[in-house]
Amino acid sequence: MLRPADARASALWVNVCMTQTLEISTLIADVREQIMYLQELGVETLDVKLPERVASGELRVEGKLRMLVSPVSSIVAEREVAKPAPLRPPGSRLAALPSLSKLSSAVPPRQTDIPMTEPKKESLSVEMMPAMPEPTETIEQIQAEIGPDCMRCKLSTLGRTHVVHSTGNFNADLMFCGEAPGADEDQQGFPFVGRAGQLLTKIIESIGLKREDVFIGNINRCRPPGNRAPEADETIACKPFLQREIAVVRPKVIVVLGATAAQNLLETKVPIGKLRGHFHDYLGVKVMPTFHPAYLLRDPHKKREVWEDMKLVRDYLNTTR
Ligand code: SF4
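Report on the accompanying structure. It should be emphasised that the depicted structure is a prediction, and the values quoted were computed from it without experimental measurement.

1. Focus on the nonpolar core
In terms of nonpolar packing, the biggest core is built from 37 residues, with Met 175, Phe 176, Cys 177, Ile 254, Val 255 and Val 256 touching the most fellow members. With six residues, helix H6 (residues 232–249) is the single largest residue contributor to this core. Those residues within four positions of Met 175 in sequence are excluded, and the remaining contacts are Val 214, Phe 215, Ile 246, Val 249, Pro 251 and Ile 254.

2. A look at the site of the ligand
The environment of the ligand is formed by 13 residues, the closest being Cys 150, Arg 152, Cys 153, Cys 222 and Cys 238. Looking at the shell around the ligand element by element, the count peaks at three residues for H6. Grouping the amino acids of the shell around the ligand by side-chain chemistry returns eight nonpolar, two polar and three charged.

3. Section: the packing of helix H3 (residues 139–146) against H6
One can describe the packing of H3 onto H6 by two numbers: an axis separation of 9 Å at closest approach and a directional angle of 170 degrees. One finds that H3 runs roughly antiparallel with respect to H6. Contacts from Ile 139, Ile 142 and Ile 146 in H3 reach Phe 241, Arg 244, Glu 245 and Val 248 in H6. Split by residue class, the contact of H3 with H6 holds five nonpolar, no polar and two charged.

4. Details of the environment of Pro 289
Positionally, Pro 289 belongs in strand S9 (residues 285–290). We classify Pro 289 as buried; it has 29 C-beta atoms within 10 Å. Note: C-alpha distance between Pro 289 and Ala 259 (30 residues apart in sequence) is 7.9 Å. With near-sequence residues (within four places) excluded, Pro 289 lies in contact with Val 256, Ala 262, Ile 272, Leu 275, Arg 276 and His 280.

5. Details of unusual backbone geometry
Of note, the phi angle at Asn 227 is positive, near 60 degrees, even though the residue is not glycine. Phi is positive for Glu 267, which is not a glycine, with a value near 55 degrees. Mapped onto the fold, Glu 267 is located in the loop between helix H7 (259–266) and helix H8 (272–275). By C-beta crowding, Glu 267 is classed as exposed, having 8 other C-beta atoms within 10 Å.

6. Overview of the environment of Thr 167
Structurally, Thr 167 is set in strand S4 (residues 167–168). Once the C-alpha coordinates of Thr 167 and Phe 192 are considered, the two residues, 25 residues apart in sequence, prove to be 9.9 Å apart.

7. A look at the pairing of strand S7 (residues 253–257)
Across the five residues of S7, five count as buried, placing the element largely inside the fold. Along S7, one buried face is formed by Val 253, Val 255 and Leu 257 and the opposite face, lined by Ile 254 and Val 256, is buried too. Relative to S7, strand S5 (residues 174–178) is paired through four bridges, and the arrangement is parallel. Bridging across to S7, Cys 177 finds its partner in Val 256. Here S7 pairs with S9 via five bridges, running parallel. Following the sheet pairing, Leu 257 is matched in S9 by Thr 290.

8. With respect to the pairing of S5
Taking burial as the measure, the five residues of S5 include five buried ones, the bulk of the element. Along S5, one buried face is formed by Leu 174, Phe 176 and Gly 178 and the opposite face, lined by Met 175 and Cys 177, is buried too. Pairing geometry for S5 and strand S6 (residues 215–218), over four bridges, is parallel. Within S6, the position partnered with Cys 177 by the bridge is Gly 217.

9. Focus on the environment of Arg 276
Within the fold, Arg 276 resides in the loop between H8 and strand S8 (280–282). Between the C-alpha atoms of Arg 276 and Glu 305, which are 29 residues apart in sequence, the distance is 8.5 Å.

Calculation notes
Residues numbered from 1 in each chain as written. Predicted model: local features only at pLDDT ≥ 70, side-chain atom pairs only at ≥ 80, totals over all residues. Core = buried A, V, L, I, M, F, W, Y, C linked by C-beta atoms within 7 Å. Buried ≥ 20, exposed ≤ 12 C-beta atoms within 10 Å, placed from the backbone. Helix = DSSP H or I, 4+ residues; strand = E, 2+ residues; numbered from the N terminus. Contact = placed C-beta atoms within 7 Å. Near = placed C-beta within 6 Å. Nonpolar A, V, L, I, M, F, W, Y, C, P; charged D, E, K, R; others polar. Axes fitted to C-alpha atoms, helices over the stretch in contact; angles between N-to-C directions. Parallel < 35°, antiparallel > 145°, perpendicular 65-115°, else oblique. Pairing = 2+ DSSP bridges.

Structural data, given as structure tokens:
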């Protein structure tokens, strides 16, 4: 037989539990709505730094929440979020129950009260991926702008014969990118036409394509004296033209040939031996660094690794067709 005092305590406890449930439901609905809004803005992750103890009493949230905004249902706490204490069984002493006002503060603050709705700048970290610019020009326009007698860097005064522009299919899925023309290219005015170029043609054909299917260019368009690597100021002057061409062609994969080209395009100092063998990203385009054909002529044993890299490229292209 339940005593009147116990019955009142039980009724009060049920009331408290319903209040908690309602508030938590409202909180979840509000958070969900907020996440959908952030999704609309393109936000993918949200760091919310919460005070060490948001609420005192029965429910505590500690540490930092990292929310994956997409999908909406995925909310991952980087640190443990304490669960509410188990409900106190009816019949326990009323004095042991938290007061209604305390319970109200024990529920985590409504979504509209926590920092997420009024994010301080430092609490919102949005990882924005740089995007490939929309093309507003053609390859012909870019190359006409560079011109046949470009003087934008000192390579123009160091014995070049031709400005060597990119060639090939302007709608190619696959692009090859070297560092700069060599002697044969400088003489003929086209990229990859010497012995290294002939080997590149074989590499292209090894994955079932023809040379005319792909787009081929160099980061620098003028031959450095003695085949030295282009210097930083020379690359800074010339690389933007290649980047504009990439934005026009929009290949699915760029194979960068040799350490200098790979490090320049990817803006890294990682050696080619570590870069090759897996895809990297350039503004959403897959990039596969591999050894330069001229290096393969000196060390044919490296052809096997190039073949491994090209198989990855071939397989990726096949999955996107
Ligand atoms: S390397 Fe490029 S920027 Fe320098 S002169 Fe040649 S085309 Fe112009």
